[in-house]
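Per-entry structural report
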Amino acid sequence: MCRQTNAQDGPGRSRDAAAFGRAARQRRFGSLALGLLLALGACSKEKTSGPVKITYWEKWTKFEGQACADMVAAFNRKYAGRIEVEHITVSQIERKLLVAIAGGNPPDVAGSYAFCVCPYADRNALEPLDERLKAAGISRDDYVPAYWDLCEHRGKMWALPTTPATVALHWNKRLFREAGLDPEKPPKTIAELDALAERLTKRDAAGNLTQVGFLPQEPGWWNWSWPFWFGGKLWNGSDTITADCPENVRAFEWVQSYSKKYGVDDIRRFASGFGNFSSPQNAFLSGKVAMEIQGVWMHNFIEMYAPGMEWGAAPFPSAVPGLENVSTADADVIVIPRGSRHPEEAWEFIKFTNSQEGMEILCMGQRKFSPLKRVSPGFWEKHPHPYIKLFRDLAESPNVVSLAKTGVWREYHRELNNAFDRVRFLSAEPREALAEVRERIQRSLDRERRRLLARGILKD
């Protein structure tokens, strides 16, 4: 009996012990799992309690990059414990940013160029800002209109401006005085410009050019824009390219007149002696060219490479009576790339860059004016650029113009530059060269419009 009882009780006790062991192990595992979850939760809580770190790609270097770094530092101080911006300098950002967006690994916020806004928006590469702007009470009324408009495309806002620019005539007052001209009296018409250029042009005993009053191709950054000073336009703003309209043809005939007057080979030999733009051998800074069109930033290079130079700035003269204060407006912009991991924090940073505080740190550091309508009195008082208000006034001129807001602009820009070179080298007549540009870019615009219609981005 005992043996039988023992035999019967033994297996029962083994099953109970096994069950107890399994339960104990489950309890220990559950405790470990709970502990791990609590630890992870603690880590997660600890991580989220610190500042959200966002990446900011920007293209500026040297003193412009330092101005940006100062603006970022001011933001990080103001948002300490909440948001921290990591500022990364990226070259060729117009290409690398699009690649990063397409690859699903963009920065949280990025600086770019105004000419990128349209093609990026049409490729769904940017976050629209309209709802955020509305919630923040930010509108076109807060900006110099030209710079707000550069950021708008197809009825939506895709960016906000950062540092703006306009262009104006720059002249060397010393060379004016040496030529017997009034150094305080710049030309007000194209005819006056041409006449002054003649008096400021010199040749040596061998007939080689040693000084030129003006050259349309110097510095060569706005070759596409000369039609604006002749009352021309590049397109109708929608579906028609107007490259060879009569006003544009007259502008390129004027460009060609300088090649005919001084000689293509003579100009080529003369220009071969020009140094790099960012150097004392710059054609304008070295006194080889007495007048040229340049942007608001030229003051910085005068201070760096030609300190003490006597110079002036004024609206570039027009060829059309009554057409005054013509200038081109351009700007750097800031955007939230599609796929940004921290869009709300990125927006906080964009708001700071477009606040009076952030914008004035950036624009003062880069020696530019602000795109905002409201500017602190101290900004103008402390600004080192002697003509800074002129460039701001040009931005508000009714005759200020900007690049064509179309996805084919980069191609159009390239073709206009090619036509400009053909005309100045006397290898094509202006009407012929511009007609070819119109035909080529009209085909590209038509293809672009068909693509956008097919995707529903453009309405017929």
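Here the residue numbers are simple positions, counted from 1 along each chain's written sequence. Local features in a predicted model are, by the rule used here, given only for residues with pLDDT of at least 70; side-chain atom pairs are given and counted only at 80 or more, and totals for whole chains, interfaces and linings are based on all residues. Values reported for side chains reflect all heavy atoms of the structure, with hydrogen atoms and water molecules removed beforehand.

Most of helix H4 (residues 114-122) sits out of view: nine of its nine residues are buried. Classification of residues uses two cut-offs on accessible area relative to the type maximum, computed with a 1.4 Å probe and protein chains only: under 20% is buried, over 50% is exposed, and between them is partly exposed. Starting at the N terminus, helices and strands are each numbered in turn, a helix being any DSSP run of H or I of at least four residues and a strand any DSSP run of E of at least two. Restricting attention to buried positions, one finds in H4 the residues Ala114, Phe115, Cys116, Val117, Cys118, Pro119, Tyr120, Ala121 and Asp122. Immediately beyond the C-terminal end of H4, within one or two residues, lies Asn124, with a positive phi of roughly 55 degrees.

With that settled, consider helix H16 (residues 409-424). Every helix has an expected span of 1.5 Å times one less than the residues it contains. Between its terminal C-alpha atoms H16 stretches 22 Å, which fits the 22 Å expected from 16 residues at 1.5 Å a residue. Listed as buried for H16 are Trp409, Tyr412, Glu415, Leu416, Asn417, Ala419, Phe420, Val423 and Arg424. The elements touched by buried residues of H16 are H4, helix H9 (246-262), helix H10 (264-271) and helix H17 (430-454). Positive phi shows up at Leu426, right after H16, with a value of about 60 degrees. By the convention used here, residues are in contact when the closest approach between their heavy atoms is within 4.5 Å.

With that out of the way, let us pick up the layout of surface pockets. Buriedness of a pocket was judged along seven lines, with at least five required to meet protein on both sides within 12 Å; pockets are open sets of points on a 1 Å grid over the protein atoms alone, cavities are sets where a 1.4 Å probe fits but cannot get out, and lining residues have an atom within 4 Å of a point. Grid points are joined across faces, edges and corners, and a volume is the space filled by probe spheres set on the points. Of the voids in this model, the largest pocket is the one considered here, and its volume is about 1200 Å³. Together, 35 residues line the largest pocket, and Tyr113, Trp221, Trp297, Asp330 and Asp332 are the ones closest to its centre. Quantified by volume, the second largest pocket comes out at close to 280 Å³. Gln217, Glu218, Pro219, Ala271 and Phe274 are, among the 18 residues lining the second largest pocket, the residues nearest its centre. Here the lining of the second largest pocket gets four residues from one element, more than from any other, and that element is H10. A per-class count over the lining of the second largest pocket returns 10 nonpolar, five polar and three charged. Residues are grouped as follows: Ala, Val, Leu, Ile, Met, Phe, Trp, Tyr, Cys and Pro are nonpolar; Asp, Glu, Lys and Arg are charged; all remaining types, including Gly, are polar.

Most of strand E11 (residues 327-335) is tucked away, with eight of its nine residues classed as buried. A pair of strands is considered paired only if DSSP assigns at least 2 bridges between the two. By the bridge criterion, four bridges tie strand E3 (residues 109-113) to E11 in an arrangement that is antiparallel. In the sheet register, Tyr113 faces E11, and the bridge partner there is Asp332. Pairing analysis gives five bridges linking strand E6 (residues 160-172) to E11, with the strands arranged antiparallel. Residue Ala165 lies in a different strand from E11, and its bridge partner there is Asp330. Pairing of E11 with strand E12 (residues 400-401) involves two bridges; the strand directions are parallel. Pairing of Thr328 across the sheet is with Val401, part of E12.

Let us now look at the pattern of salt bridges. A pairing counts as a salt bridge when a side-chain nitrogen of Lys or Arg comes within 4 Å of a carboxyl oxygen of Asp or Glu. If you walk through the whole model with that rule in mind, you get 24 salt bridges. Two residues, Lys59 and Glu58, come together in a salt bridge whose shortest N-O distance is 2.6 Å. Glu58 matches Lys59 in its accessibility class, with the two residues each being buried. Residues joined in a network through salt bridges with shared partners are Glu58, Lys59 and Asp332.

Its place among the elements puts Leu98 in helix H3 (residues 93-102). Under the relative-accessibility criterion, Leu98 is labelled partly exposed at 30%. When sequence neighbours within four positions are dropped, the list of residues in contact with Leu98 reads Tyr120 and Ala125.

Before going further, it helps to examine the nonpolar core. Definition used in this section: a nonpolar core is a set of buried Ala, Val, Leu, Ile, Met, Phe, Trp, Tyr and Cys residues joined via side-chain atoms within 4.5 Å. The biggest cluster of nonpolar side chains holds 138 residues, and the ones touching the most others in it are Tyr56, Leu160, Trp226, Met291 and Phe349. Apart from residues no more than four positions distant in its own chain, Phe349 is found in contact with Ile54, Tyr56, Met71, Val72, Phe75, Val85, Val109 and Ile334.

Our next topic: empty space enclosed by the protein. The gaps left among the atoms become clear once a water-sized probe is rolled over them. Under the defined criterion, the tally for this structure stands at one cavity of 30 Å³ or more. What the largest cavity holds in volume is close to 30 Å³. What lines the largest cavity is simply Leu97, Ser112, Tyr113, Cys116, Val117, Tyr120, Leu126, Val333 and Val335. Elements that contribute at least two residues to the lining of the largest cavity include exactly E3, H4 and E11.

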